[in-house]
Amino acid sequence: MSTRRHLPSISVAFLALAVSVSGTGFVLSSQQVAAQQAKSKFPDVPPNYWARPFIDSLAEKEIVTGYLDGTFRPKQAVDRDEFSAMIRQAFNRASVRKIPSGSYFKDVPKNYWAETPIQEAYETGFMNDFPGNEFRPKQPLTKAQALVVLMRGLNMDFNPPVVKTDQAAATPASPTPVNKRRIARNRLAFPLAATVLMQPLLPVVARLQPAAAPAPKSAKSVPPTTTKAATAPAKNSALDFLTSYYKDAEKLPKYAVEPVAAATKAKIVVNYPDPRVLNPNELLSRGSATALIHQALVNQGQIAPLPDKNTAKYIPNSPRR
């Protein structure tokens, strides 16, 4: 897969910052720092908007961009083509399949603005197609669908299979050496056919030979010690897990239950205003899409978590009480 290429960023007037010179270098005054923090790159993302920290973080890294008029439109629904572009900017995953181009799909015209993002999001396994070789680029995504896309592309499962470790099977008893087995089977000094001719002599030989010493008493038989096989812990169903987190878990489409459970376990889900209400079937907004992608990048170790505690409260990290 080709390396990530940045989409053209929107030119925004740089913030003029006055600095005062101290003996150790340039230092911003507390008033200037506060003014800088209150200023958003996008005029339509107010300081108190819940997803503002996620948007600022990814905009700084050029993972998300605004529109030509300088706005971000955080409440606008995200279509499949736009989500493909966001995925392409955020993740650098290996291809799992190949298509000639995004216009391979009959509803994606050549030179379409998202032709390459669609191609790469499909090749890396995030996005899937529809019957009839359609991609449906202008179809809006629901929140549940977006989480399914992320979990599929990142190859994340809710409860990956645990390999059972049977110690007794893993450490079998030492096999009897081959030469010992041969000795045990060939106790006679002559070939078996020759003993037929010696039948009259065998009783005499037996009388002349000293009596064999009695076999020593065998030690008390001790049953072999085996280690009980380690079994996987009881598997909590994905739906039970989600019900312990969300008040509306039953609204999830069946196909999304395990992926959303995986996303919840990985702290990728972000719910506003109530962290315990998933709203899985609502259309995904640009603000929510940015928050989900941000948390996925945190999970993958690509960026640091946000230090904003006010934002963290929207990320459910334990079952509800």
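Everything below is about the structure printed above this text.
Draft legend 1. Geometry of the pattern of salt bridges. Tallied over the entire structure, the rule returns eight salt bridges. The residue aspartate 56 makes a salt bridge to arginine 52 at a minimum N-O spacing of 2.5 Å. Separated by four residues within a single helix, aspartate 56 and arginine 52 lie in helix α2 (residues 52-60), roughly one turn from each other. When the shortest N-O distance is used, the salt bridge between aspartate 274 and lysine 247 registers 3.2 Å. With aspartate 274 in the loop between α10 (257-265) and α11 (286-299) and lysine 247 in the loop between α9 (238-243) and α10, this residue pair connects regions lying 27 residues apart in the sequence. One continuous salt-bridge network, built from bridges that share partners, spans Asp79, Asp81 and Lys138.

Draft legend 2. View of the nonpolar core. Grouped together as the largest cluster of nonpolar side chains are 69 residues, with contacts concentrated most on Phe83, Phe91, Leu242 and Ile293. If you list the elements that add at least two residues to this core, you get α2, α3 (80-90), α4 (115-123), α5 (143-153), α9, α10 and α11.

Draft legend 3. Spotlight on the packing of aromatic side chains. Under the counting rule described, the total for this entry stands at 14 aromatic pairs. Ring centres of tryptophan 50 and tyrosine 272 lie 5.0 Å apart, and the angle between their planes is 5°; this geometry places the pair in the stacked category. Of this pair, tryptophan 50 sits in the loop between α1 (30-38) and α2 while tyrosine 272 sits in the loop between α10 and α11, and the two are 222 residues apart along the sequence. Take tyrosine 272: its relative accessible area is 39%, and that puts it in the partly exposed class.

The rules behind the values
- Residues numbered from 1 in each chain as written.
- Predicted model: local features only at pLDDT ≥ 70, side-chain atom pairs only at ≥ 80, totals over all residues.
- Heavy atoms only, no water.
- Salt bridge = Lys/Arg side-chain N within 4 Å of Asp/Glu carboxyl O.
- Helix = DSSP H or I, 4+ residues; strand = E, 2+ residues; numbered from the N terminus.
- Core = buried A, V, L, I, M, F, W, Y, C linked by side-chain atoms within 4.5 Å.
- Buried < 20%, exposed > 50% of the residue type's maximum accessible area, 1.4 Å probe, protein only.
- Phe/Tyr/Trp six-rings, centres within 6.5 Å; stacked < 30°, edge-to-face > 60°.

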